[in-house]
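Single-letter residue listing:
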Amino acid sequence: MNAAPVAAKIRGKLWIGVIVGFMPWLIWIGSLAVGGGRQDASGQLVGADHLAFFTAAHLVRDGSSSRMYQYETLADYQDQLVGWNYWGFEAFRNPPFYALLYLPTAGLSYYTSFVIWTLVSLLLLVLAILLLQPEHPTRTLMWSLTFYPVFATISFGQNSLISLAVFASVYRLLLADRCLVAGLVAGLLWFKPQLLLGLFIWWAFFPRRYFASWLGVVVTGAVLAGLSWLVLPEASWAFLRTLRTNAGFSGFGLWNVHNPKVFFALVWPDSPKVYWLLTLVMAIMSIAVARWVAQRSGARVVAMFPLAVFLSLWVSPHTLIYEWTLLIVPAIILWEKYPRQRDSWLCWFAVFWVGLAISTPLTKLQLQYLPIAFQLSVPLIAIAGWGVARELAHAPRIET
């Protein structure tokens, strides 16, 4: 396809993207001001998802880590932490070792902890961008902040920018052919193991080449598991007992989830066999496309790493809106390493950007009035993902 004319039109309208991209930030800040800072105008706790991590760390600090996964007993505990009768409940579903990361702020108020971790997250975003070495880091940071999943990460109090920094580090290490260290760093993602899926698929294509990476992931996983059992034995037992329930948890709002499984589940909500079968078909097709790109591109890191990040998000059954923040990594890699394709990248990036910005509210609106919903982002992501894959398959085999 000749992307140049479309890309030229998009470049002429980028100022609209800046305005639209920063509008959610302004609305959120204004809503918090109306709500008094601790909650927004609708009564939603500021950075509510952070409460799950803060609660887990606070339980460790109080010597009550055995209660970490006893969700039915923790509602009043969380009310005490936030200082008012919060109508919601935020469950900690990560492995026990992850709670230790939040111990430094567990002795502070919830609100101070949220502010500190928000600043840490923004610093990790900057770090990830610097690790990826774009030509214009300040401009890249600005565009990253206009990406709706980044806003969702911060406003929800989520941890996707930690994952982003890990992925950026792994990319730099693999580019330098330091496969063992890359695996050790990638193993930090065991706090959300579904994010490792794309790397596992890629490395499975070339088991000998990436044996050291596999080894590194296993070693880090063993160390983190050992840390959990050594420091938090009761919580570790509780985690194992609730693992099946937590792994299959789907109580979050499906309008916030952007992947094939939920797309089909929203269209055929009463036919789980149908949507699981279609999800499996989509996963197999996506892996086949990744394999095809590997063969056509010479399986260079600059080609395969973007696909690995995409597959982690696409194949995972729990890809909520904030996890798509990780697309910043492949976006920067593709833009910097394949400059001849920038017209195409701009077109496909625009599809991702728009689809993920508008699909969540549109799907939520549909579910208020209809028994089924059409998650627009998923077909748009599929189309854009295929477009990117084709470009990678036909791009010159040059790694810089």
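In what follows, the accompanying structure is described. Note that the structure is a prediction, hence the values are computed from the model and not measured.

**Some points on the overall build of the chain**
- Helices and strands together make up the secondary structure of the chain, namely 19 helices and zero strands.
- Scaling as 2.2 N^0.38, a compact globule of 400 residues should have a C-alpha radius of gyration of about 21 Å, and the chain matches this with 21 Å.
- Viewed in the frame of its principal axes, the chain has a C-alpha envelope of about 60 × 50 × 45 Å.
- Accessible surface for the chain amounts to roughly 18,100 Å². Of this, 67% is attributable to carbon and sulfur atoms.
- Within the chain, the 16 negative side-chain charges are centred at a point lying 12 Å from the centre of the 26 positive side-chain charges.

**Topic: a nonpolar patch on the surface**
- The grouping of W15, I16, I19, V20, M23, L26 and I27 at the surface amounts to a nonpolar patch, some 680 Å² of accessible area in total.
- Along the chain, I19 falls in helix α2 (residues 14-35).
- Residue I19 is classed as partly exposed on the basis of its relative accessible area of 46%.

**Quick notes on the packing of helix α6 (residues 110-132) against helix α9 (residues 160-175)**
- In contact at an axis separation of 8 Å, α6 and α9 are set at 20 degrees when each is read in the N-to-C sense. The angle between the axes of α6 and α9 places the two elements in the roughly parallel class. The element α6 and its partner α9 pack so that their crossing is left-handed. Two secondary-structure elements touch here, α6 through W117, S121, L122, L124, L125, A128, L130, L131 and L132 and α9 through L161, I162, L164, A165, A168, S169, Y171 and R172.

Rules and cut-offs
- Residues numbered from 1 in each chain as written.
- Predicted model: local features only at pLDDT ≥ 70, side-chain atom pairs only at ≥ 80, totals over all residues.
- Heavy atoms only, no water.
- Helix = DSSP H or I, 4+ residues; strand = E, 2+ residues; numbered from the N terminus.
- Rg over C-alpha atoms; globule rule 2.2 N^0.38 Å.
- Areas by Shrake-Rupley, 256 points an atom, 1.4 Å probe, with all protein chains shown as cover.
- Lys, Arg positive; Asp, Glu negative; His and termini not counted.
- Charge placed at Lys NZ, Arg CZ, Asp CG, Glu CD.
- Patch = residues over 30% accessible without salt bridge, like charges linked within 9 Å, V, L, I, M, F, W, Y side chains within 5 Å.
- Salt bridge = Lys/Arg side-chain N within 4 Å of Asp/Glu carboxyl O.
- Buried < 20%, exposed > 50% of the residue type's maximum accessible area, 1.4 Å probe, protein only.
- Axes fitted to C-alpha atoms, helices over the stretch in contact; angles between N-to-C directions.
- Parallel < 35°, antiparallel > 145°, perpendicular 65-115°, else oblique.
- Left-handed = near helix turned anticlockwise from the far one by under 90°.
- Contact = heavy atoms within 4.5 Å.

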